[in-house]
Amino acid sequence: MSWYVVRRLAISFVVVLGISAMVFFLLHVVSDDPGRVVLGQRASPQAVADFNREHGFDRPLVVQYLSYLGQLAHGDLGRSYKLNENVGTVLQQNAGRSAMLSLAGLVLALLIAVPLGILQAVRRNSLIDRATTAASYVLYATPSFLLGLVLIAVFSQSLPFFPAEASQSHSSWVVLTDPRAMALPVITLAVTSVAIFSQYQRSSALDQLGQDYIRVARAKGLPERSVLTRHLLRNACLPLITLVGTLIPSLLAGNLIVESLFNYPGLGLLFLNSLQHEDYPVLLAYTLIGGVLTVAGNFVADIAVAAADSRIELNK
């Protein structure tokens, strides 16, 4: 297992390096004159040239990238042009709130989807299975912003159970300290994931129900509940573990929509504001974080599956 982890870490590092290069060069293609973007269209050519020279934008692109890698190695993500703050500090101020929102949505989705998927598999082709599958397809096809608007219209305006705006607290634990204000954002983020997770869980559970070890457990006279929880659940969740790892970046993208819709101060809202102001260093850092989360999610999923499934050969 140790050698497997080291090998996966090395591959992940190479992939992250490739992502950083791709993001860096693409953003420079989109914004080839940072000085003009920051200083505005009315700035004189001399002021723009001085700004680009001061920040190294007049150097060859490869040299700029190598300099950027050097900054990253020292934990320096650059400085926001519009906020006039260190990008790392700005991200740190907002990351905790976004992480807790994502975690709450993920946990809620799994708590609903895992038992729901197993119930569908056990009662395959029944009314509840067909109704749940149909509802999952509808929810999966529904955009997050539309779902959020519907929830606001129903549970904030027609039935004023929850506020339409998320909590404006700067605490990372606001999901726990103010659950009423965070209910609609968390539900909006979780619903689409429930639709995906439950169908994966159903397919996996159906496959496992036909395996010999399930037949043996039932032949021994074990209660059905024990067969499902002690024997089926662990093996049926293996594909879901991989799926959760690969969906971590999509949670970040989902945060962008949800935070904007509910005016929640997190990384997603920060990205949208930076996009409007063309704040290049913040956009670069946010996109890079998304790439790193993608690699990290796949890495964690691979390790978790390898640890949970002894049939996997780690030497390959």
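Rules of the game
- Residues numbered from 1 in each chain as written.
- Predicted model: local features only at pLDDT ≥ 70, side-chain atom pairs only at ≥ 80, totals over all residues.
- Heavy atoms only, no water.
- Helix = DSSP H or I, 4+ residues; strand = E, 2+ residues; numbered from the N terminus.
- Axes fitted to C-alpha atoms, helices over the stretch in contact; angles between N-to-C directions.
- Parallel < 35°, antiparallel > 145°, perpendicular 65-115°, else oblique.
- Left-handed = near helix turned anticlockwise from the far one by under 90°.
- Contact = heavy atoms within 4.5 Å.
- Nonpolar A, V, L, I, M, F, W, Y, C, P; charged D, E, K, R; others polar.
- Buried < 20%, exposed > 50% of the residue type's maximum accessible area, 1.4 Å probe, protein only.

The next point concerns the environment of A113. Structurally, A113 can be placed in helix α5 (residues 87-122). Separated by 83 residues in sequence, A113 and I196 place their C-alpha atoms 8.3 Å apart.

To continue, consider the packing of helix α6 (residues 127-141) against helix α9 (residues 179-209). Here α6 crosses α9 at 135°, and the two axes come no closer than 8 Å. The pairing of α6 with α9 is recorded here as oblique in orientation. Remark: the crossing between α6 and α9 carries left-handed chirality. Of the residues in α9, those in contact with D129, T132, T133, S136, L139 and Y140 of α6 are V191, T192, A195, I196, S198, Q199 and R202. Classifying every residue of the contact of α6 with α9 gives five nonpolar, six polar and two charged.

This part is about unusual backbone geometry. Backbone geometry at N125 places phi at a positive 65°, although glycine is not the residue there. Within the element layout of this structure, N125 appears in the loop between α5 and α6. For N263, which is not glycine, the phi dihedral falls at a positive 55°. Positionally, N263 belongs in the loop between α12 (238-262) and α13 (267-277). Judged by its relative accessible area of 32%, N263 is partly exposed.

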